[in-house]
Amino acid sequence: MLGTCVALALAALQAASAAAPVTLPNKDGDLRFAVFGDFGDASQREFDTVAQLVKSHAAFPFDMVALTGDNLYGDERPQDFSKKFETPFKPLLDENVKFYGSLGNHDAREQRYYKLFNMDGKLYYSYKAPKQSVRFFALESGYMDPPELQWLTSELKSSNEDWKIAYFHHPLYSSGMTHGSDLELRRALEPLFIQYNVSVVFQGHDHVYERVKPQSGIAYWVIGSGGRFRAGDLDKKSALTAKGYDADNAFLLADISGETMTFNAISRSGQVVDSGTVIRRMAAK
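Each chain has its residues counted from 1, running along the sequence as written. Confidence filtering applies because this is a predicted model: local features only for residues at pLDDT of at least 70, side-chain atom pairs given and counted only at 80 or more, and all residues used for totals across whole chains, interfaces and linings. Excluded from the side-chain calculations are hydrogens and water; all other atoms, namely the structure's heavy atoms, are used.

Q: Would you mind showing me how to read the overall build of the protein here?
A: Across its full length, the protein holds six helices and 13 strands. Counting only C-alpha atoms, the protein reaches 70 × 50 × 40 Å along its principal axes. Here the protein holds 285 residues, and 53% of them are scored as buried. Taking the intrachain contacts of the protein between residues at least 6 apart in sequence as the baseline, contacts between residues at least 24 apart amount to 69%. In the form shown here, the protein has an accessible surface area of approximately 12500 Å², with 53% of it arising from carbon and sulfur atoms. The protein carries 31 positive and 35 negative side-chain charges, and their two centres are separated by 3 Å. Secondary structure elements follow DSSP: runs of H or I of four or more residues count as helices, runs of E of two or more count as strands, with numbering from the N terminus. With a 1.4 Å probe rolled over the protein chains alone, any residue whose accessible area is under 20% of its type maximum counts as buried; one over 50% counts as exposed, and the rest are partly exposed. Between two residues, a contact is recorded if the distance between any of their heavy atoms is within 4.5 Å. In this description, accessible areas are obtained by the Shrake-Rupley approach with a 1.4 Å probe, and a residue is regarded as covered only by the protein chains that are shown. Think of it this way: Lys and Arg go in the positive column, Asp and Glu in the negative one, and His and the chain ends go nowhere. Working definition for charges: the position is that of NZ of Lys, CZ of Arg, CG of Asp or CD of Glu.

Q: Mind showing me how you'd approach the sheet that holds strand β9 (residues 218–223) here?
A: Working definition: the strands of a sheet are paired by backbone hydrogen bonds and lie parallel or antiparallel to each other. A pair of strands is considered paired only if DSSP assigns at least 2 bridges between the two. If you walk across this open sheet you meet the seven strands as β4-β5-β6-β7-β9-β8-β10, and the pairing is mixed. Two strands lie at the open edges of the sheet, namely β4 (125–128) and β10 (241–245), each paired on one side alone. Neighbour to neighbour, the strand axes of the sheet diverge by 15° on average, direction disregarded. Of the strand pairs in this sheet, strand β6 (residues 163–167) and strand β7 (residues 200–203) are connected by three bridges, and their pairing is parallel. Bridged to Ala166 within β7 is Val201. Sheet contacts for helix α6 (residues 183–195): β6, β7, β8 (209–215) and β9; angle to β9, the most-contacted strand, approximately 135°. Interaxial angles span 0 to 180 degrees and are taken between N-to-C directions of axes, which are lines fitted to C-alpha atoms, for helices over the stretch in contact.

Q: Quick question: what am I supposed to make of unusual backbone geometry here?
A: Phi is positive for Asn197, close to 70°, though the residue is something other than glycine. Relative to the assigned elements, Asn197 resides in the loop between α6 and β7. At His205, a position not held by glycine, the phi torsion is positive, near 80°. Relative to the assigned elements, His205 resides in the loop between β7 and β8.

Q: Looking at this structure, I do not really get the nonpolar core. What am I missing?
A: Soluble globular proteins tend to bury their nonpolar side chains together. Think of a nonpolar core as a cluster: buried Ala, Val, Leu, Ile, Met, Phe, Trp, Tyr and Cys residues, connected wherever their side-chain atoms sit within 4.5 Å. Judged by nonpolar contacts, the single largest core of 56 residues is most densely connected at Phe33, Phe36, Phe136, Phe202, Trp221 and Met261. Among the elements that make up this core, the one with the highest residue count is strand β11 (residues 250–257) (six residues). Once you skip the residues sitting within four places of it in the chain, Phe136 turns out to touch Leu31, Phe33, Met64, Tyr125, Ser126, Tyr127, Ala129, Ile165 and Tyr167. In terms of nonpolar packing, the next biggest core, distinct from the first, is built from 21 residues, Phe168, Leu185, Val201 and Ile218 among them.

Q: Which parts of the structure should I look at to understand the pairing of strand β2 (residues 64–67)?
A: Residues in a regular strand project their side chains so that they alternate between the two faces of the sheet. Across the two faces of β2 the burial is the same, with Met64 and Ala66 and Val65 and Leu67 all buried. What joins strand β1 (residues 31–36) to β2 is helix α2 (residues 44–59), and the crossover it makes is right-handed. Of the strand pairs in this sheet, β2 and strand β3 (residues 98–100) are connected by three bridges, and their pairing is parallel. Considered in β3, the bridge of Val65 is made with Phe99. Whether a crossover is right-handed comes down to one check: with the strands pointing away from the viewer, does the path from the first strand over the helix to the second run clockwise; if it does, it is right-handed.

Q: Can you help me understand the pattern of salt bridges in this one?
A: Note that side chains of opposite charge can pair when their charged atoms are close. When a carboxyl oxygen of Asp or Glu lies within 4 Å of a side-chain nitrogen of Lys or Arg, that pair is called a salt bridge. Using the criterion set out here, one finds 16 salt bridges in the structure. Lys131 serves as the salt-bridge partner of Asp63, at 3.8 Å between the closest nitrogen and oxygen. Remark: Lys131 occurs in the loop between β4 and β5 (134–138) and Asp63 occurs in the loop between α2 and β2; sequence separation between them is 68 residues. We classify Asp63 as partly exposed; its relative accessible area is 22%.

These figures capture arrangement, not role.
What follows is the structure in structure tokens.
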């Protein structure tokens, strides 16, 4: 009986330890960034989620935000950009946080000219992060044509950065029941990600948070509940999910230092709903 009690106590201790959030390193010289998508609807949920993001920035001053698409829902007049983006994000814009857009199915292609999304008029583009050896690749996943694939192949091949991180809207892997995995897009992109040593992929479209089990050594996320949200939309029987959260809106904070990326997923109420570390993929010798 005593042995059983001890075993149960140890099991409880191990479970509590496993559930404890991993602390973000938050050191000078680290690349600190945020990721989310499917947000721009001027809803209370968006404002609440962004308010939590602003609180996070006070403690974890990230330099940039990668947007996984559906940046604006509905009209895209100048006043809509103000209401759906500039107003809620003003505290971060005032702190010179840079936002880097990618386009979702609800986004007009003219968004690529919007200055605050830093797309420089391009539907797809890459950029070196301001710190650490990291390059991001922002893709247009709704119209994945041969010229974009040729461009991506060339960009991935020529990149000398240690970390290669891709982000876009339509997910290669997702347990969301509304959309799920885009198999055609997976067939087009995954071989390139594997061949050219991409370590991390961020996606949106399904309005949930999901960290997918590594696929061919690559860490995939669905982060599509920045404003829009679908409660209970994750398939709980999916074999893909490493960690899922469909009880509220969420965004991701990440810290890259050397070979390690540490991450925390934060809910609209400020709860850490997922955390951990990813070690970058190493090029085959």
